[in-house]
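So you can see what is in the structure, the chains are spelled out below.
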Amino acid sequence: MGFLDVILGRSKPVRPDLDQLFAVPSAAITLQAGAGFLPTGLGSVCFASVEGGAFSRVRDEVRELLDADTATGGLPVEFSQDSYGYTWLLARQSPDDVTTLVNDLHAVNTLLRDAGFGPQLLCSLVGFRDAEHRPLALVYLYKRGTFYPFAPIAGAGERRDNELELQARALLTNDLRLESDLSRWFPVWGAPGL
């Protein structure tokens, strides 16, 4: 950071650290013990849509990598597009194998980043539910290198359970690098994996 940056109040952007995703299995144990939330086995990666041959090759690599589990009973990966034009990749694993799910999400993010599509990566999420079937997601913001909890209220349109989100934040302070700026806790309505 240069002298002018200090004077003008600019700071260096946080470099993404995909290895932060590997803290999710520990956070899953904390969420289960502290709030009764269990992993759903669903996780997704969101990125800005890209066209062209290079992206088609990466997409094929991702599909080949994650669909390899189909032969052993796993489910194929799904791609979808939301109403904002963002592409979502949904990965599935057994609910009791959050480690493999996180490995899949890390691999997808790494493939996209290494192919030059890092700037298009937005977030990754891992889904959870409690005994009352309330949804909760741990969302990783790629460009910030931080997590935040997102808890939409099922059947209530676009409303979220702020109390649950704050409770999850309090539980996870020792497990994850949490986003301190609450204005960056963006809603991901209808995200695959919730």
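See the structure printed just above.
Residues numbered from 1 in each chain as written. Predicted model: local features only at pLDDT ≥ 70, side-chain atom pairs only at ≥ 80, totals over all residues. Heavy atoms only, no water.

Caption draft 1: Structural context of the overall build of the protein. The number of helices and strands found in the protein is five helices and six strands. Traced from its N-terminal end to its C-terminal end, the protein shows the element sequence α-α-β-α-β-β-α-β-β-β-α. The 194 residues of the protein split such that 42% are buried. Put simply, 66% of the contacts in the protein that link residues at least 6 apart link residues at least 24 apart. Total accessible area on the protein stands at roughly 10,100 Å², and carbon and sulfur atoms take up 53% of it. (Helix = DSSP H or I, 4+ residues; strand = E, 2+ residues; numbered from the N terminus. Buried < 20%, exposed > 50% of the residue type's maximum accessible area, 1.4 Å probe, protein only. Contact = heavy atoms within 4.5 Å. Areas by Shrake-Rupley, 256 points an atom, 1.4 Å probe, with all protein chains shown as cover.)

Caption draft 2: Up close: the sheet that holds strand E4 (residues 121–129). With antiparallel pairing, the six strands of this open sheet are ordered in space as E2-E3-E1-E4-E5-E6. Every other strand in the sheet has two partners, leaving strand E2 (78–81) and strand E6 (146–150) as the edge strands with one partner each. Averaged over all pairs of adjacent strands, the angle between strand axes in this sheet comes to 25 degrees, irrespective of strand direction. Alignment of strand E1 (residues 38–48) against E4, held across seven bridges, turns out to be antiparallel. Following the sheet pairing, Leu-38 is matched in E4 by Arg-129. Sitting on the sheet, helix H2 (residues 24–35) is in contact with E1, E4, strand E5 (135–141) and E6, with an inclination near 150 degrees to E5. Of the strands in this sheet, E1, strand E3 (86–92) and E4 touch helix H4 (residues 98–117), which is tilted by about 10 degrees from E1. (Pairing = 2+ DSSP bridges. Axes fitted to C-alpha atoms, helices over the stretch in contact; angles between N-to-C directions.)

Caption draft 3: The packing of aromatic side chains, seen in detail. Taken as a whole, this structure holds three aromatic pairs when the rule is applied. Seen in terms of ring centroids, Tyr-140 and Phe-147 are 5.0 Å apart; in terms of plane orientation they differ by 55 degrees. Their pairing is tilted. Centroid distance Tyr-148 to Trp-185: 6.0 Å. Interplanar angle 20 degrees. Geometry classified as stacked. Of the two residues, Tyr-148 sits in strand E6 while Trp-185 sits in the segment after helix H5 (162–172), which places them 37 residues apart along the sequence. Across the pair, exposure class does not vary: Tyr-148 and Trp-185 are buried alike. (Phe/Tyr/Trp six-rings, centres within 6.5 Å; stacked < 30°, edge-to-face > 60°.)

Caption draft 4: Structural context of the layout of surface pockets. The volume enclosed by the largest pocket comes to roughly 500 Å³. Tyr-86, Leu-122, Phe-186, Pro-187 and Val-188 are, among the 20 residues lining the largest pocket, the residues nearest its centre. At the level of secondary structure, the elements contributing two or more residues to the lining of the largest pocket comprise E3 and E4. Grouping the constituent residues of the lining of the largest pocket by class yields 13 nonpolar, two polar and five charged. (1 Å grid on protein atoms, 1.4 Å probe; cavity = no way out; pocket = protein on both sides within 12 Å on 5 of 7 lines; lining within 4 Å. Points joined across faces, edges and corners; volume = space filled by probe spheres on them. Nonpolar A, V, L, I, M, F, W, Y, C, P; charged D, E, K, R; others polar.)

Caption draft 5: Layout of the pattern of salt bridges. Counted by the stated rule, this structure contains eight salt bridges. A salt bridge links Asp-114 to Arg-113, with the shortest nitrogen-to-oxygen separation between them at 3.2 Å. In this structure, Arg-134 engages Asp-130 in a salt bridge whose closest nitrogen and oxygen atoms are separated by 2.7 Å. Given a relative accessible area of 30%, Arg-134 falls into the partly exposed group. According to the relative accessible area criterion, Asp-130 is buried, its value standing at 9%. Several salt bridges converge on common partners, so that one network encompasses Asp-130, Glu-132, Arg-134 and Asp-161. (Salt bridge = Lys/Arg side-chain N within 4 Å of Asp/Glu carboxyl O.)

Caption draft 6: Region of interest: empty space enclosed by the protein. For the structure on display, the rule yields two cavities of 30 Å³ or more. Roughly 40 Å³ of internal volume is contained in the second largest cavity. Lining the second largest cavity are Phe-47, Phe-55, Val-58, Arg-59, Val-62, Phe-79, Leu-89, Val-108 and Leu-112. Where the lining of the second largest cavity is concerned, the elements lending two or more residues are helix H3 (53–67) and H4. Per-element tally for the lining of the second largest cavity: the top contributor is H3, with four residues. Residues of the lining of the second largest cavity, tallied by class, amount to eight nonpolar, no polar and one charged.

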